[in-house]
Amino acid sequence: MFSLNGKTAFITGSSRGIGHGIARALARQGADIWLSGVHREGLDAAVAALRHDFPERRVNGVLCDVAKQESVDMALAAIAGAGPLHILVNNAGINLRAPVEDMPDELWQRMLDTDVTGVFRVSRAALPLLRAQGGKVINLCSLMSEIARPGIAPYAAAKGAVRQLTRALATEWAQYNIQVNGVAPGFIATDMNRPLMEDAELNAYIMRHTPAKRWGTVEEVGSAAAFLASPAADFITGQILFVDGGFMASL
């Protein structure tokens, strides 16, 4: 019921961090993996690491900038040329912080183009492959899909949009036996979040509002994604699964 043997998954933004953690979780359950990133050196290193740890899986890498349609099209063409695709994880995203009053249009647009339109572009390009036999789409949402903090207006707006896009695609693509869900990580310990973890005031706020009293791990986010990618979740669609140590429940 939870096995992904015989399945192939494409995870955007998966050369490090949460995306790489999800790729590892899917490989552990039996899936073959397509990693992606925007920098060749980091992508090649991630592919080599996954091949070393999961020699029984087929692991490939493809450059993909979700903010550029041509790049998305080239990536999906490469995947299509190698065989079927069963699982898409839209993980790629950025978070550029600035108060709205100081925010140039370029920053706002860059955030939306990557974090929202990127999900749309990749999902649209992957649809013909997924529709061929049915499949899973998992979109990375966030606590900021439901709440907000100062200084991250474009990120909160983008993740709120991804939440609603997830629900809309779930209703639209159910006819193709494609389930579309979201995983919303809370505060997760990654290299990118290390400055936040070292911010004493912010860390104290997180500990006060997280009943688990700790930061989450990429493995825990990966486990949630692996469940939603599996046959165990065939009757689950349009849902957002929070992996947050109880943060949302405590508000």
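My aim in this report is to walk through the structure given alongside it, one point at a time. Please read these numbers as outputs of a predicted model, since none were measured by experiment.

Cut-off values and rules
- Position numbers for residues count from 1 along each chain, tracking the sequence in the order it is written.
- Local features in a predicted model are, by the rule used here, given only for residues with pLDDT of at least 70; side-chain atom pairs are given and counted only at 80 or more, and totals for whole chains, interfaces and linings are based on all residues.
- Heavy atoms throughout the structure, all of them, feed into the side-chain values; hydrogens and water do not.
- The buried label applies to any residue whose accessible area, calculated with a 1.4 Å probe on protein chains only, is under 20% of its type's maximum; exposed applies above 50%, and partly exposed to all values in between.
- Secondary structure counts use DSSP, requiring at least four H or I residues in a row for a helix and at least two E residues in a row for a strand, with both numbered from the N terminus.
- When DSSP finds at least two bridges between two strands, those strands are taken to pair.
- As defined here, a cavity is a set of points on a 1 Å grid over the protein atoms alone where a 1.4 Å probe fits but cannot get out. A pocket is an open set with protein on both sides within 12 Å along at least five of seven lines, and residues line them when an atom is within 4 Å of a point.
- Grid points are joined across faces, edges and corners, and a volume is the space filled by probe spheres set on the points.
- The definition of a polar contact used here is a pair of N or O atoms within 3.5 Å, where within protein one atom must be able to donate a hydrogen and the other to accept one, and adjacent residues in sequence count solely through side-chain atom pairs.
- Contacts are assigned to residue pairs that have any heavy atoms within 4.5 Å of one another.
- Inter-axis angles, ranging from 0 to 180 degrees, are taken between N-to-C directions of lines fitted to C-alpha atoms, where helices are fitted over the stretch in contact.
- Note that the term roughly parallel is reserved for angles under 35 degrees, roughly antiparallel for angles over 145, roughly perpendicular for angles of 65 to 115, and oblique for everything else.
- A crossing counts as left-handed when the near helix is turned anticlockwise from the far one by less than a right angle, and as right-handed when that turn is clockwise.
- Side-chain classes follow a simple rule in which Ala, Val, Leu, Ile, Met, Phe, Trp, Tyr, Cys and Pro form the nonpolar group, Asp, Glu, Lys and Arg form the charged group, and the remainder, Gly included, forms the polar group.

## Overview of the pairing of strand β4 (residues 87-90)
Next, step 1: Residues Ile87 and Val89 point to one face of β4 and Leu88 and Asn90 to the other, with burial holding for every one of them.
Next, step 2: Taken together, the four bridges between β4 and strand β5 (residues 135-140) define a ladder with parallel strand orientation. In the strand pairing of β5, Val89 is matched with Ile138.

## Quick word on the layout of surface pockets
Next, step 1: Within this model, the largest pocket holds a volume of roughly 1500 Å³.
Next, step 2: Together, 47 residues line the largest pocket, and Arg16, Gly93, Ile94, Asn95 and Met192 are the ones closest to its centre.
Next, step 3: Those elements that provide at least two residues to the lining of the largest pocket are α1 (17-28), α4 (105-115), α6 (153-173) and α7 (194-197).
Next, step 4: Taken as a whole, the second largest pocket holds about 170 Å³ of empty space.
Next, step 5: As for the second largest pocket, its lining consists of Lys7, His86, Ile87, Gln133, Gly134, Gly135, Lys136, Asn177, Gln179, Ala229, Pro231 and Asp234.

## Description of the side chain of Ser71
Next, step 1: Here Ser71 shows up in helix α3 (residues 69-82).
Next, step 2: Residue Ser71 is classed as buried on the basis of its relative accessible area of 16%.
Next, step 3: Within polar-contact distance, the side chain of Ser71 engages the backbone nitrogen of Asp65 at 2.8 Å.
Next, step 4: When residues no more than four places from it in sequence are discounted, the contact partners of Ser71 are Leu63, Cys64 and Asp65.

## Remarks on the sheet that holds strand β3 (residues 59-63)
Whether parallel or antiparallel, the strands of a sheet pair through hydrogen bonds between backbone atoms.
Next, step 1: Spatial strand order, β3-β2-β1-β4-β5-β6-β7: seven strands in an open sheet with parallel pairing. For this open sheet the edge positions go to β3 and β7 (240-243), each flanked by a neighbour on one side alone. Mean inter-strand twist for the sheet, computed between neighbouring axes without regard to direction, equals 20 degrees.
Next, step 2: Bridge analysis of strand β1 (residues 8-11) against strand β2 (residues 32-37) gives four bridges, and the strand direction is parallel. Paired with Phe10 across the two strands is Trp34, which belongs to β2.

## A short note on the packing of α3 against helix α5 (residues 117-131)
Next, step 1: Two numbers describe how α3 lies on α5: the axes approach to 10 Å, and their chain directions differ by 25 degrees. Classed by the angle they form, the pair α3 and α5 counts as roughly parallel. Viewed along their axes, α3 and α5 form a crossing whose handedness is right-handed. Along the contact surface, α3 presents Gln69, Val72, Asp73, Leu76, Ile79 and Ala80, while α5 presents Arg121, Val122, Arg124, Ala125, Ala126 and Leu129.
Next, step 2: Among the residues making up the contact of α3 with α5, the classes are represented as eight nonpolar, one polar and three charged.

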